[in-house]
Amino acid sequence: MDLEHQTCVVTGASRGIGRGIAVELASEGANVVVNYRSSEGEAYDVVEEIEEAGGSAIAVQADVANIDEVEAMRKKVTNAFGPATVLVNNAGITVDKKFTNMTREDWDRVMDVNLGGIFNCTSVFFDDITDAKDGRLINISSVVGQQGNYGQANYATTKSGLFGFTRTIALEMARSRATANCVAPGFVKTDMLETVPDRVQEKIIQRIPLGRFAEVDDIAGMVSFLASPKSSYMTGQILGVNGGMEW
Ligand code: NAP
């Protein structure tokens, strides 16, 4: 198993892509921290699924947009498993509206979680990751950060922001041999995609060369590779997992 001795914090792991990542990392032998904001029942279901398969996990509530809660999460992680060695910045939200209808509040809500959360989690766990033997930072962006998307000016801005962030942090972590990479998924079958009207989903599928939406496992497999020693010479990269969409 590639991830034995690793402690992986996955933000937003109660549902969707984060859940798939948590289960996959645990199956490779990692101790996994299932972070959630409000879906407590679902987060404990993920822990149960991991433990039933012989893995090790805890659920920790923290709103990534609140740095005090992220610091409290770090204490719980350290007490349970020792310092984190892998951080997967996955938690994200959408508040979709045509730009001319978007309020400053809509803009700020998405910034606070999707970029504020990245700042909070990365800064709180930075030293743990760089002190680790195989430290890893993995940021979950989106093809929308590459292509833009109607009604998602706030979300697309946060997801593009992760490209510059990842490349910069990769430089700043390199001295310690820790790596920072970014996964940019295409459209993935989760609750987030459910918010997109059916007629829009049909149009999106026509733009995907492989002709289907991604499954959560398509993304989790890439994250597992990036978390493992197999990717130790890769850093500062943006990896599209999008069924062949151009950008
Ligand atoms: P999802 O099904 O809506 O799940 C979002 C997860 O994030 C939930 O576990 C939620 O927990 C958590 N979360 C939201 N706000 C949080 C906060 N402030 N603090 C802590 N956790 C929070 O979303 P998803 O589709 O799996 O997306 C996961 C990531 O992949 C996001 O960054 C998204 O932008 C990206 N992505 C998604 C797609 C797609 O098509 N689905 C495509 C490309 C990229 P609670 O339920 O407890 O709030």
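Conventions and cut-offs
- Residues numbered from 1 in each chain as written.
- Predicted model: local features only at pLDDT ≥ 70, side-chain atom pairs only at ≥ 80, totals over all residues.
- Heavy atoms only, no water.
- Pairing = 2+ DSSP bridges.
- Helix = DSSP H or I, 4+ residues; strand = E, 2+ residues; numbered from the N terminus.
- Axes fitted to C-alpha atoms, helices over the stretch in contact; angles between N-to-C directions.
- Contact = heavy atoms within 4.5 Å.
- Salt bridge = Lys/Arg side-chain N within 4 Å of Asp/Glu carboxyl O.
- Buried < 20%, exposed > 50% of the residue type's maximum accessible area, 1.4 Å probe, protein only.
- Right-handed = clockwise from strand over helix to strand, strands pointing away.
- Core = buried A, V, L, I, M, F, W, Y, C linked by side-chain atoms within 4.5 Å.
- 1 Å grid on protein atoms, 1.4 Å probe; cavity = no way out; pocket = protein on both sides within 12 Å on 5 of 7 lines; lining within 4 Å.
- Points joined across faces, edges and corners; volume = space filled by probe spheres on them.
- Nonpolar A, V, L, I, M, F, W, Y, C, P; charged D, E, K, R; others polar.

K.L.:
How do you make sense of the sheet that holds strand β1 (residues 7-10) when you look at a structure like this?
P.N.:
Picture the strands of a sheet paired through backbone hydrogen bonds; they go either parallel or antiparallel. Spatially, the 7 strands line up as an open sheet ordered β3-β2-β1-β4-β5-β6-β7, and their pairing is parallel. Single-partner strands in this sheet number two, and they are β3 (56-61) and β7 (238-241). Across the sheet, the mean angle separating the axes of adjacent strands is 20 degrees when strand polarity is ignored. As paired elements, strand β2 (residues 31-36) and β3 share 6 bridges and run parallel to each other. Within β3, the residue paired with Val 34 across the bridge is Ala 59. Running at roughly 170 degrees to β1, helix α1 (residues 16-27) makes contact with β1, β2, β4 (86-89) and β5 (136-140) of the sheet.

K.L.:
Help me out: how do you make sense of the pattern of salt bridges in this one?
P.N.:
Side chains bearing opposite charge may pair, as long as their charged atoms lie close to each other. A full pass over the atoms with the stated rule returns 9 salt bridges. With a shortest N-O distance of 2.9 Å, Asp 108 and Arg 104 are connected by a salt bridge. Of this pair, Asp 108 and Arg 104 are both found in helix α4 (residues 104-131), 4 residues apart, which corresponds to roughly one turn of the helix. Judged by its relative accessible area of 27%, Asp 108 falls in the partly exposed class.

K.L.:
Is there a simple way to think about the pairing of β5 in this case?
P.N.:
On a regular strand, one side chain projects to one face of the sheet and the next to the other, so that they alternate. For β5, the tally of buried residues reaches 5 of 5 residues, placing the bulk of the element in the interior. Neither face of β5 is left uncovered, since the one carrying Arg 136, Ile 138 and Ile 140 and the one carrying Leu 137 and Asn 139 both have all their residues buried. Of the strand pairs in this sheet, β4 and β5 are connected by 4 bridges, and their pairing is parallel. Its bridge partner lying in β5, Leu 87 is registered against Leu 137. After leaving β4, the chain enters α4 and then returns to the sheet as β5, a path that is right-handed. By the bridge criterion, 5 bridges tie β5 to strand β6 (residues 179-185) in an arrangement that is parallel. Each bridged residue has a counterpart across the sheet, and for Asn 139 the counterpart in β6 is Cys 182.

K.L.:
I keep staring at the nonpolar core and nothing clicks. Help me out?
P.N.:
Generally speaking, nonpolar side chains in soluble globular proteins are found buried as a group. Counting 36 residues, the largest nonpolar core has Val 9, Met 73, Val 77, Leu 87, Phe 125, Met 173 and Phe 187 as its most contacted members. Counting only elements with at least two residues in this core, the list comes to α3 (67-81), α4 and α6 (153-174). For this core, the element with the highest residue contribution is α4, accounting for 6 residues. Those residues within four positions of Phe 187 in sequence are excluded, and the remaining contacts are Val 143, Val 144, Asn 149, Leu 193, Ile 204, Phe 213, Ala 214 and Met 245. Ile 17, Leu 25, Val 47 and Ala 57 belong to the second largest nonpolar core, which has 34 residues in total.

K.L.:
Which parts of the structure should I look at to understand the side chain of Asp 128?
P.N.:
One can find Asp 128 in helix α4. When residues no more than four places from it in sequence are discounted, the contact partners of Asp 128 are Arg 74, Pro 83 and Ala 84.

K.L.:
I'm lost on the layout of surface pockets in this one. Help?
P.N.:
Rolled over the atoms, a probe sized like a water molecule indicates the empty space that remains. If you add up the space inside the largest pocket, you get close to 1,100 Å³. Listing elements by their share of the lining of the largest pocket, those giving two or more residues are α1, β2, α4, α6, α7 (191-194) and α8 (198-206). Residues of the lining of the largest pocket, tallied by class, amount to 20 nonpolar, 18 polar and 8 charged. A volume near 160 Å³ is recorded for the second largest pocket. Those elements giving two or more residues to the lining of the second largest pocket turn out to be α1 and α2 (40-52). With 3 residues, the top contributor of residues to the lining of the second largest pocket is α1. When its residues are assigned to classes, the lining of the second largest pocket shows 6 nonpolar, 6 polar and 1 charged.

This is a description of form; function is not addressed.
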